[in-house]
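Per-entry structural report
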Amino acid sequence: MAGPGSQWIGKEEVQELLEVMSSGYLFRYGNLDDPGFKHKVYSFEQEFAAKCGVRYALATSSGTAALVCALKAMGIGEGDEVIVPAYTFIATYSAVIFAGGIPVLAEIDESLSLDPPDIERRIGARTKAIMPVHMLGNPCDLDGIMAVADKHGLRVIEDVCQANGASYKGRQLGSRGEVGTFSLNIFKTVTAGDGGVVVTDDENLYTLAFGFHDQGHSPLRAGVEVGRRSILGMNFRMNELTGAVALAQLRKLDRIIAVLRGKKRLFKESIGAITGMKFRTLNDPEGECATLCTVIFDNPEKADRVSRRLGTTTVDHSGWHVYSNMEHFNRYLRERNLPHGKGAYPRTDSILSRAINLSVGVVDAGLGAAFGINIDSSPEEIRQTAARFRGACRDSGMDLDCV
Ligand SMILES: *Cc1c(COP(=O)(O)O)cnc(C)c1O
């Protein structure tokens, strides 16, 4: 089990894929007027942009590739600093590094995403951009972050890889910053095995991101290109097989989110109130993907005892999203005399040592979410899982309030 989209792969994906295979043509570019060309990547881009409420969407080979294309399109390069959260997936950092920039970490707050006042403390002469990451299916405090960006003239690129389909105050994530990026790997809301998307309203940024993702080609390889190539690029293209699956999955996104929200509501209600534990702050409870449910205890000992009883870990012991657990990234930071290792971001350390991620739709031990429910859990299973959680709290010496 991984993400909810992965769990819901069915005949729709097979149908789209068969169309492409039967056509015998797997490359993303072709003549749209030719019935033998199934243009799945193109259709996916059109539908994704419409859903997101932006003018342009560019499909890529991964979320990491989408991030690099976006950063390159924005002109982030040599020595430019990008402020990123201390709690995120490694790709957020590596994309900045391979774009030529320097990731500058900032603390998270109890929404488990960037804390706007701490962003402000990290701004220096070389700061060019802020990269808010909408962690675990939930929006960042985008109003707070945009206010800091506007005040200091910084650019904003949203990493929406973990929150495809979520919104903030009625607007789809990814549409508020200059650029937004998404992932289609197996742990995300919807999946095509791998894949990514860049979205933007800015034609120039789209042209540059497109060019970077395909050796400098113009969007859709249209028009006279020679002599007008926008940027030196690479190859991060999506192919038609991936596009076919991505398209079928995208059409399931609304239903996936609606189902997850219902299951999460029942899960939270059944967990109820427990003294010494609260649910993570949601910056927009109406807009979440509901892929995960994070609980935060008032001290790390309680969190540790409960997590052990559940056969899972506190978030600080999960291996992939905590800066201090990334030995390869810490090596990079250490070599540059940048803050690194546990203790460098004490507020983040404290929150993560007191938090447990319960799965709702994304079941991922790498996130620390090995315990919980999934998109197909029945109401009975959800209540039982909640009861096990309450039992683990009680056995750890905590007081349960009546549900
Ligand atoms: C998944 C993810 C990415 C991109 O991952 P890919 O596997 O390259 O698609 C980037 N940032 C975050 C926060 C992620 O969770």
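Residues numbered from 1 in each chain as written. Predicted model: local features only at pLDDT ≥ 70, side-chain atom pairs only at ≥ 80, totals over all residues. Heavy atoms only, no water.

The subject of this paragraph is the pairing of strand β3 (residues 102–106). Remember that side chains alternate between the two faces of the sheet whenever the strand is regular. Within β3, 5 of the 5 residues are buried, which leaves it mostly tucked inside the rest of the structure. Note that strand β2 (residues 81–85) and β3 share 5 bridges and pair parallel. Note that in β3 the partner of Val84 across the bridge is Leu105. With helix α5 (residues 90–99) bridging β2 and the parallel β3, this β-α-β connection has right-handed handedness. (Buried < 20%, exposed > 50% of the residue type's maximum accessible area, 1.4 Å probe, protein only. Helix = DSSP H or I, 4+ residues; strand = E, 2+ residues; numbered from the N terminus. Pairing = 2+ DSSP bridges. Right-handed = clockwise from strand over helix to strand, strands pointing away.)

This paragraph deals with the nonpolar core. Formed by 54 residues in total, the largest nonpolar core has its most connected members in Phe44, Phe297, Val306, Leu358 and Phe389. The element contributing the most residues to this core is helix α10 (residues 253–271), with 6 residues. Not counting the four nearest positions on each side in its chain, Phe44 is found in contact with Ala59, Leu184, Val197, Met238, Gly243, Ala246, Leu247 and Leu250. Counting residues in each nonpolar core, the second largest holds 42 residues, with Leu71, Ile76, Ile90 and Leu105 among its members. (Core = buried A, V, L, I, M, F, W, Y, C linked by side-chain atoms within 4.5 Å. Contact = heavy atoms within 4.5 Å.)

Right, let's talk about the packing of helix α4 (residues 63–73) against α5 for a bit. Packing of α4 against α5 brings their axes to within 9 Å, and their N-to-C directions diverge by 40 degrees. Relative to α5, α4 is oriented oblique. In this structure, the crossing between α4 and α5 has a hand that is right-handed. On the side of α4, the interface is formed by Thr64, Leu67, Val68, Leu71 and Lys72, while α5 contributes Ala91, Thr92, Ala95, Val96 and Ala99. Among the residues making up the contact of α4 with α5, the classes are represented as 7 nonpolar, 2 polar and 1 charged. (Axes fitted to C-alpha atoms, helices over the stretch in contact; angles between N-to-C directions. Parallel < 35°, antiparallel > 145°, perpendicular 65-115°, else oblique. Left-handed = near helix turned anticlockwise from the far one by under 90°. Nonpolar A, V, L, I, M, F, W, Y, C, P; charged D, E, K, R; others polar.)

In this fold, Asn185 is placed in the loop between β8 (179–183) and β9 (196–200). Beyond its immediate chain neighbours, meaning those up to four positions away, Asn185 contacts Val190, Thr191, Gly193, Asp194 and Gly195.

A few words on the site of the ligand. Taken together, 15 residues lie near the ligand, and Gly63, Thr64, Asp159, Ser183 and Lys188 sit nearest. With respect to the ligand, the side chain of Ser183 contributes an N or O atom lying 2.6 Å from an oxygen atom. In this structure, an oxygen atom belonging to the ligand sits 2.7 Å away from a side-chain N or O atom of Lys188. For the ligand, whose accessible area on its own is 390 Å², the fraction buried by protein is 94%. Going through the elements one at a time, α4 and α5 are the ones with two or more residues in the shell around the ligand. Broken down by element, the shell around the ligand gets its largest block of residues, 3 residues, from α4. (Near = heavy atom within 4 Å. Polar contact = N/O pair within 3.5 Å; in protein donor to acceptor, adjacent residues only side chain to side chain. Areas by Shrake-Rupley, 256 points an atom, 1.4 Å probe, with all protein chains shown as cover.)

Summed over the entire model, instances satisfying the criterion amount to 2 cavities of 30 Å³ or more. Empty space within the largest cavity amounts to approximately 60 Å³. Forming the boundary of the largest cavity are Phe48, Lys51, Cys52, Asn164, Gly165, Ala166, Gln172, Leu173, Phe182, Leu250 and Leu253. Examining the composition of the lining of the largest cavity, we find that 3 residues originate from one element, helix α3 (residues 40–52), more than from any other. When the residues that make up the lining of the largest cavity are grouped by side-chain class, the tally is 7 nonpolar, 3 polar and 1 charged. Lining the second largest cavity, in full, are Lys264, Lys268, Phe279, Arg280, Leu282, Cys293 and Thr294. (1 Å grid on protein atoms, 1.4 Å probe; cavity = no way out; pocket = protein on both sides within 12 Å on 5 of 7 lines; lining within 4 Å. Points joined across faces, edges and corners; volume = space filled by probe spheres on them.)

Residue position: Gly144 is located in helix α7 (residues 142–152). Among the residues examined, Gly144 registers a relative accessible area of 19% and is labelled buried. The spatial distance from the C-alpha of Gly144 to the C-alpha of Gly196 is 27 Å, given a sequence separation of 52 residues.

Taken as a whole, the chain is organised into domain 1 (4–250) and domain 2 (254–314 + 354–395). Placing the centre of domain 1 and that of domain 2 at their C-alpha centroids yields a distance of 28 Å. Of the residues lining the interface, 29 residues belong to domain 1; the matching set on domain 2 comes to 31 residues. The junction of domain 1 with domain 2 conceals about 2400 Å² of combined surface from both sides, 53% of it contributed by carbon and sulfur atoms. Considering only the surface of domain 1 that becomes buried against domain 2, Trp8, Glu110 and Leu136 emerge as the three largest contributors, covering 30% of it. Linking domain 1 with domain 2 are 3 salt bridges, by the criterion used here. (Domains from an automatic or database assignment. Buried area = accessible area lost by both parts, 1.4 Å probe. Salt bridge = Lys/Arg side-chain N within 4 Å of Asp/Glu carboxyl O.)

Let's shift gears to the layout of surface pockets. Of the volumes computed, that of the largest pocket is approximately 250 Å³. Taken together, 15 residues make up the lining of the largest pocket; nearest its centre are Asn185, Phe187, Lys188, His321 and Asp364. Split into classes, the residues belonging to the lining of the largest pocket amount to 7 nonpolar, 6 polar and 2 charged. Mapped onto the domain boundaries, the lining of the largest pocket takes at least three residues apiece from domain 1 (4–250) and domain 2 (254–314 + 354–395). Volume-wise, the second largest pocket comes out at about 160 Å³. What lines the second largest pocket is a set of 17 residues, and nearest its centre among them are Thr64, Phe89, Ala91, Ser183 and Lys188. When residues in the lining of the second largest pocket are grouped by element, the largest group, 3 residues, is from α4.

This next bit is on the sheet that holds strand β12 (residues 355–359). Pairing is antiparallel across the open sheet formed by 3 strands, whose spatial order is β10-β11-β12. Edge strands, defined here as strands with exactly one partner in the open sheet, are β10 (277–279) and β12. In this sheet, adjacent strand axes meet at a mean angle of 30 degrees when their direction is disregarded. Relative to strand β11 (residues 292–297), β10 runs antiparallel, the two sharing 3 bridges. Following the sheet pairing, Phe279 is matched in β11 by Val295. Along the sheet face, helix α11 (residues 300–310) touches β11 and β12 and points at about 30 degrees away from the line of β12.

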